[in-house]
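Descriptive analysis of the structure
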Amino acid sequence: MPSLQSLRRKIAAVKNTQKITKAMKMVAAAKLKRAQDRILALRPYSHKLRGVMANLSTRVNRAAHPLLQKRGEKVIEVLVVTSDRGLCGAFNANILRKSMEVLREFESRGAKVSVSIVGRKGRDFLTRRPWTIRQNWIGFLDRLTFEHGVDIGSELSDAYTKGTFDELYVVYNEFKSAIQQRVIVEKLFPISADFLFGQGDQASESQAAGGSYLYEPDEDQLLEALLPKHVQTQVYRILLESFAAFYGAQMAAMDGATRNAGELIKKVTLYYNKTRQAAITKELMDIVGGAEALK
């Protein structure tokens, strides 16, 4: 049976932990509000731009720009977007589990696979796996700006243009609400209508419906201006989705930890009171027994 002193120490330790988790929940909630406002403001523009590029990709000459050219599936790269920190429930575990499934599926097709990573958690996990890590970016998600999307998008565009890989897929958490995230596998290169993994040609057929475009000043100049901006915008949206989803997952995890700590405090306090009462009762019985012996 634990001593009363050890039980008091345990109660104090759990209370201190509860204060920390409650503070982390409040910080995550404040950061979530800002991140949610940013992603909700960007989504309409990003989705409309993606729809325009999906329609455009079915009508233009795909040889007109390197980012539109299809080269088969000889080398496939997967960009895995995780967080730099933990204490966020199953946020990173879901991403990494899905990434492993996607990587194994591409390997089963006979393609050579490489990995790029955003976030320290993904880098630490995949470093111990057999796949080649081509590039990684860490330590910037707490100060995320559009320039980070530009830098990462430009690096990926250059690598695709140089033929480093033939297709690029992104695995990330899409922000749905403060307590819900959804793992998405999205095709980024080559730019086409079938941007969701496993959607196949149905998306291309549905997006192809409609009339043709008139280009001003001309097709080549328009593609040269639009395609890099499209890639940078989509990468920035993906980073913001993951950024908001992380704080939603962290807030939910810290809320659960705070409640669990409160329940543990109640249980240990009840056990402490019972143990203390038993000790007092035993002492009283010893005193009464000693008094009776003296008589």
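Residues numbered from 1 in each chain as written. Predicted model: local features only at pLDDT ≥ 70, side-chain atom pairs only at ≥ 80, totals over all residues. Heavy atoms only, no water.

- As named in an unreviewed UniProt entry, the chain is ATP synthase gamma chain, taken from Nitrospira tepida.
- Entered under Sequence similarities (unreviewed entry) in the UniProt record, the comment concerning the chain runs "Belongs to the ATPase gamma chain family."
- Of the chain, the UniProt comment under Function (unreviewed entry) reads exactly: "Produces ATP from ADP in the presence of a proton gradient across the membrane. The gamma chain is believed to be important in regulating ATPase activity and the flow of protons through the CF(0) complex." (UniProt positions renumbered as here; feature names shortened; annotations may be inferred.)

1. Remarks on the nonpolar core
- One finds V118, L156 and F189 to be the most contacted residues of the largest nonpolar core, which totals 48 residues.
- For this core, the secondary-structure elements that each account for two or more residues are helix 1 (4-57), strand 1 (75-81), helix 4 (146-161), strand 4 (167-177), strand 5 (180-189) and helix 6 (219-294).
- The leading source of residues in this core is helix 6, at 15 residues.
- L156 has contacts with E77, L79, R134, W137, F165, L168, L188, F189 and V235, leaving out every residue within four places of it along the chain.
- Residues F106, W131, Y169 and V185 belong to the second largest nonpolar core, which totals 19 residues. (Core = buried A, V, L, I, M, F, W, Y, C linked by side-chain atoms within 4.5 Å. Buried < 20%, exposed > 50% of the residue type's maximum accessible area, 1.4 Å probe, protein only. Helix = DSSP H or I, 4+ residues; strand = E, 2+ residues; numbered from the N terminus. Contact = heavy atoms within 4.5 Å.)

2. Structural notes on the sheet that holds strand 4
- The mixed open sheet is built from five strands, whose spatial order is 3-2-1-4-5. Each edge of the open sheet carries a strand with a single partner, namely strand 3 (132-137) and strand 5. Going from strand to strand, the sheet's axes swing by 25° on average, the running direction of each strand aside.
- As defined by bridge partners, strand 1 adjoins strand 4 across five bridges and the pair is classed as parallel. From the neighbouring strand, L79 faces strand 4, where its bridge partner is V170.
- Along the sheet, helix 1 makes contact with strand 4 and strand 5, crossing strand 4 at roughly 130°.
- Across the sheet, helix 2 (residues 91-108) touches strand 1, strand 2 (112-118), strand 4 and strand 5, and the angle it forms with strand 1 is around 175°. (Pairing = 2+ DSSP bridges. Axes fitted to C-alpha atoms, helices over the stretch in contact; angles between N-to-C directions.)

3. Structural notes on helix 4
- In this model helix 4 runs 22 Å from its N-terminal to its C-terminal C-alpha over 16 residues, within 8% of the 22 Å that 1.5 Å per residue would give.
- Along helix 4, the residues classified as buried are H148, G149, I152, G153, L156, S157, A159 and Y160. Take helix 4 and look down its axis: the buried residues cluster within an arc of 160°, on one side only. Opposite its buried face, helix 4 presents the exposed residues E147 and D151, each directed more than 90 degrees away.
- Buried positions along helix 4 lie against strand 1, strand 2, strand 3, strand 4, strand 5 and helix 6.
- Just downstream of helix 4, G163 is the residue with a positive phi angle, here 85°. (Expected span 1.5 Å × (residues − 1). Arc of directions from axis to C-beta.)

4. Remarks on the environment of E241
- Examined against the element boundaries, E241 turns out to sit in helix 6.
- Residue classification places E241 among the buried residues on the basis of a relative accessible area of 0%.
- Spatially, the C-alpha atoms of E241 and A35 are 8.4 Å apart, while their sequence positions differ by 206 residues.
- In contact with E241, other than residues within four places in its own chain, are I39, R43, Y172, N173, E174 and F175.
- There is a polar contact of 3.0 Å between the side chain of E241 and the backbone nitrogen of F175. (Polar contact = N/O pair within 3.5 Å; in protein donor to acceptor, adjacent residues only side chain to side chain.)

5. A few points about the packing of aromatic side chains
- As enumerated under the stated definition, the model contains seven aromatic pairs in all.
- Seen from their ring centres, F106 and Y169 are 4.9 Å apart, and the 40° between their planes marks the pair as tilted. Of this pair, F106 sits in helix 2 while Y169 sits in strand 4, and the two are 63 residues apart along the sequence. For the pair F106 and Y169, one class covers both residues: buried.
- Their ring planes at 65° and their centres at 5.0 Å tell us that F246 and Y247 sit as a pair that is edge-to-face. The burial state of F246 is the same as that of Y247; both residues are buried.
- Three or more aromatic residues joined by ring pairs form one cluster here, namely F91, F243, F246 and Y247. (Phe/Tyr/Trp six-rings, centres within 6.5 Å; stacked < 30°, edge-to-face > 60°.)

6. Thoughts on a nonpolar patch on the surface
- A cluster of nonpolar residues, I280, L284 and I287, forms a patch on the protein surface that exposes about 300 Å² of accessible area.
- Topologically, L284 is positioned in helix 6.
- Overall, the relative accessible area of 51% leaves L284 in the exposed class. (Patch = residues over 30% accessible without salt bridge, like charges linked within 9 Å, V, L, I, M, F, W, Y side chains within 5 Å. Areas by Shrake-Rupley, 256 points an atom, 1.4 Å probe, with all protein chains shown as cover. Salt bridge = Lys/Arg side-chain N within 4 Å of Asp/Glu carboxyl O.)

7. Quick look at the pattern of salt bridges
- On inspection of all chains with the given rule, the structure shows 15 salt bridges.
- Among the salt bridges present, the one from R43 reaches E241, with a minimum N-O distance of 2.9 Å. Here E241 lies in helix 6 and R43 lies in helix 1, a separation of 198 residues in the sequence. The two residues R43 and E241 agree in class, both being buried.
- K98 serves as the salt-bridge partner of E101, at 3.8 Å between the closest nitrogen and oxygen. Of this pair, E101 and K98 both sit in helix 2, three residues apart, roughly one helical turn.
- A cluster of three or more residues bridged by salt bridges with shared partners is formed by K25, D255 and R259.

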